[in-house]
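# Residue-level structure breakdown
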Amino acid sequence: MRKIFVFFAVVVLFCACGERQLDNPESGKSENKKSAVVPQFNADSAYRFVAAQTAFGPRVPETEAHAQCGDWLVAKLGSYADTVIVQGFRTRLYNDKGIDGKNIIAVFNPEARKRIVLCAHWDSRPFADHDADEALSHQPIDGANDGASGVGVLIECARQFKLQPLDERLGIDIILFDLEDYGPRQEQALEYYDENVNHWALGSQYWAKQPHVYGYKAYFGILLDMVGGSNPNFQKEYYSQGYAAWVSNKVWRKAYDLGYRSSFSNELGTMISDDHLPMNQIAGIPTIDIIDLQPNSSNGCFPEVWHTHNDNLEHIDKATLGMVGDVVLHVVYEE
Ligand code: AHN
Ligand code: ZN
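On a predicted model such as this, the values are computed, not experimentally measured, just so you know. Here the residue index of a chain counts from 1 through its sequence in written order. For this description, chains carry letters from A and ligands carry numbers from 1, given in the order in which they are written. A pLDDT threshold of at least 70 governs which residues receive local features in this predicted model, and a stricter bar of 80 or more applies before side-chain atom pairs are shown or counted, although totals over entire chains, interfaces and linings include all residues. Side-chain measures here rest on the full set of heavy atoms in the structure, leaving out hydrogens and waters.

Accessibility here uses a 1.4 Å probe with only protein chains present; expressed as a share of the type maximum, an area under 20% marks a residue as buried, one over 50% as exposed, and anything in between as partly exposed. Comment: elements are numbered from the N terminus, with helices defined as DSSP H or I runs of at least four residues and strands as E runs of at least two. For strand S5 (residues 220–225), a buried count of 6 out of 6 residues is recorded, marking the element as mostly surrounded by other parts of the structure. Every second residue of S5 is oriented toward a common face, with Phe220, Ile222 and Leu224 on one face and Gly221, Leu223 and Asp225 on the other, all of them buried.

See the structure below:
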């Protein structure tokens, strides 16, 4: 009797195990993914990181405010990351003038072969060429949304990576590009147009040709630009969809799961020349741009405040920083 019982027990046990295997051959893997604890992104903290940047004043390359903000970013990221690398470079502006810039790279789990790049630009535009006030259109802008918002979200991500360490098999590189926003004024755009030269994204072009690690490769990249406005419209930017559709689709699906369907629309957006272009075209890293696209705005592309003096802290919406940060943390921790 006892022997029969043991026999049945073994059969039942065997069947149970076998059944689980058959149902889902990757059950272990997907269970791990589901149970990955994703830290809570703190939008107040991200907002403070945006405010800290704008408090330095416009971060125009080769100014005191830019240098001071750069030092602050290096120190802040240094307190969260395993290493911070500062990549200084000299490049040429649209008008052929030479200029110095600095890309700031925070490395988490440097030994991991599988890597994800998260990036934003930390410089701000040297002139408000879309401002209605002509006199003020030659003054530099705060760039609270255009620049500081993406950086603020990424510093908060870095803080979370420190609080809740990532799986050791996954490496993250946060890259803050310099000199994204020093393209020619709108009224001079045609005069300086050259089909062979990209006057924007100078820091990203430099890095893509000369990455901080020789032969650097990453699984994919996510660029954040203008992720702090109210009522954002994150359409799937055109080049992102062309070069890295699987990344866009993965990120937008996550946004839907988190309930952000009204901000992450499934529409295909226009072509934006941003820091992700050199990453795709030169570095060969499939990279998407999460960017607020407003085709009905007066500038035809971006939020109304774009490249005006209204791009300041007053027009930053914590809720937007919060949802973008939440999406990024879910993508990373559930990878
Ligand atoms: C152009 O307008 C060519 N590119 C926009 C990229 C940009 C500017 N992102 C922020 N500011
Ligand atoms: Zn800009």
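With that out of the way, let us pick up the layout of surface pockets. Cavities and pockets are found on a 1 Å grid laid over the protein atoms alone: a cavity is a set of points where a 1.4 Å probe fits but cannot escape, a pocket is an open set with protein on both sides within 12 Å along at least five of seven lines, and a lining residue has an atom within 4 Å of such a point. Grid points are joined across faces, edges and corners, and a volume is the space filled by probe spheres set on the points. When its volume is computed, the largest pocket comes out at roughly 860 Å³. Contributing to the lining of the largest pocket are 37 residues, with Asn198, His199, Trp200, Ile272 and Ser273 lying nearest its centre. Elements with a minimum of two residues in the lining of the largest pocket: helix H6 (189–192) and helix H9 (276–281). Polarity classes work like this: nonpolar for Ala, Val, Leu, Ile, Met, Phe, Trp, Tyr, Cys and Pro, charged for Asp, Glu, Lys and Arg, and polar for all others, with Gly in that last group. In terms of residue class, the lining of the largest pocket is built from 18 nonpolar, 10 polar and 9 charged.

Around the zinc ion (ligand 2), the protein contributes the donor atoms Asp146 (OD), Asp181 (OD), Asp181 (OD) and His307 (NE2), at 1.9 to 2.5 Å from the metal centre. Ligating atoms shown are N, O and S within 2.8 Å of the metal, or 3.2 Å for Na, K and Ca, and water is not included, meaning a site may look less than complete. Here the donor residues for the zinc ion (ligand 2) map to a single chain with the spacing D-x34-D-x125-H. With aspartate 181 in the loop between strand S4 (170–177) and H6 and histidine 307 in the loop between strand S6 (287–291) and helix H10 (318–333), this residue pair connects regions lying 126 residues apart in the sequence. For the pair aspartate 181 and histidine 307, one class covers both residues: buried.

On to the site of ligand 1, then. Each residue is tested against the molecule or strand, and it is near if at least one of its non-hydrogen atoms lies within 4 Å. Surveying the vicinity of ligand 1 reveals the residues Asp146, Glu180, Asp181, Trp200, Asp225, Met226, Ser273, Asp274, Trp306 and His307. Polar contact criterion, stated in full: a pair of N or O atoms within 3.5 Å, where within protein one must be able to donate a hydrogen and the other to accept it, and residues adjacent in sequence count only if both atoms are side-chain atoms. In the model, a nitrogen atom of ligand 1 is placed 3.1 Å from a nitrogen or oxygen of the aspartate 181 side chain. Serine 273 has a polar backbone atom sitting 3.1 Å from a nitrogen atom of ligand 1. Calculation on ligand 1 without its partners gives an accessible area of 320 Å², and the protein chains cover 85% of this total. In this scheme, a molecule is assigned to a cavity or pocket if more than half of its atoms are within 2 Å of the grid points. Assessed atom by atom at 2 Å from the grid points, ligand 1 resides in the largest pocket. Using a 1.4 Å probe, accessible areas were evaluated by the Shrake-Rupley method; residue-level cover was limited to the displayed protein chains.

Topologically, aspartate 289 is positioned in strand S6. Along the primary structure aspartate 289 and glutamine 235 are separated by 54 residues, whereas in three dimensions their C-alpha atoms are 9.8 Å apart.

Among the structural elements, aspartate 82 can be located in the loop between helix H4 (64–78) and strand S1 (83–92). A contact between two residues is defined here by any heavy atoms of the two lying within 4.5 Å. In contact with aspartate 82, not counting residues within four places along its chain, are Val107, Phe108, Asn109 and Pro110. Among the polar contacts listed, one links the side chain of aspartate 82 to the backbone nitrogen of asparagine 109, at a separation of 2.7 Å.

Turning our eyes to something else, we now look at the sheet that holds S6. By definition, two strands form a pair when at least two bridges between them are found by DSSP. Spatially, the 6 strands line up as an open sheet ordered S1-S2-S4-S3-S5-S6, and their pairing is mixed. A strand with exactly one partner marks an edge of an open sheet, and here the two such strands are S1 and S6. Going from strand to strand, the sheet's axes swing by 20 degrees on average, the running direction of each strand aside. In the sheet, strand S3 (residues 114–121) pairs with S5 via 4 bridges, with the strands oriented parallel. Note on S5: the bridge partner recorded for valine 117 is glycine 221. The angle between two axes is taken between their N-to-C directions and runs from 0 to 180 degrees, where each axis is a line fitted to C-alpha atoms and a helix contributes only its stretch in contact. Most of the contacts of helix H5 (residues 144–163) go to S3, to which it runs at about 145 degrees, and overall it touches strand S2 (98–108), S3, S4 and S5. Against the sheet, H10 engages S3, S4 and S5, with an angle of about 170 degrees to S5.

The next point concerns the pairing of S1. Of the strand pairs in this sheet, S1 and S2 are connected by 10 bridges, and their pairing is antiparallel. Following the sheet pairing, threonine 83 is matched in S2 by valine 107. Hairpin connection from S1 to S2: 5 residues lie between these consecutive antiparallel strands, with aspartate 96 at a positive phi of about 75 degrees.

Bringing the nonpolar core into the picture now. Note on soluble globular proteins: their nonpolar side chains tend to be buried together. Among buried residues, those of type Ala, Val, Leu, Ile, Met, Phe, Trp, Tyr and Cys that are joined through side-chain atoms within 4.5 Å constitute a nonpolar core. If you look at the biggest cluster of nonpolar residues, it comprises 55 residues, and the most contacted ones within it are Leu118, Phe161, Ile172, Ile174, Phe264 and Ile290. With residues near it in sequence (within four places) discarded, isoleucine 172 still touches Ala106, Val107, Phe108, Arg115, Ile116, Leu118, Phe161, Leu166 and Val332. In terms of nonpolar packing, the next biggest core, distinct from the first, is built from 14 residues, Val107, Cys119, Ala208 and Leu223 among them.

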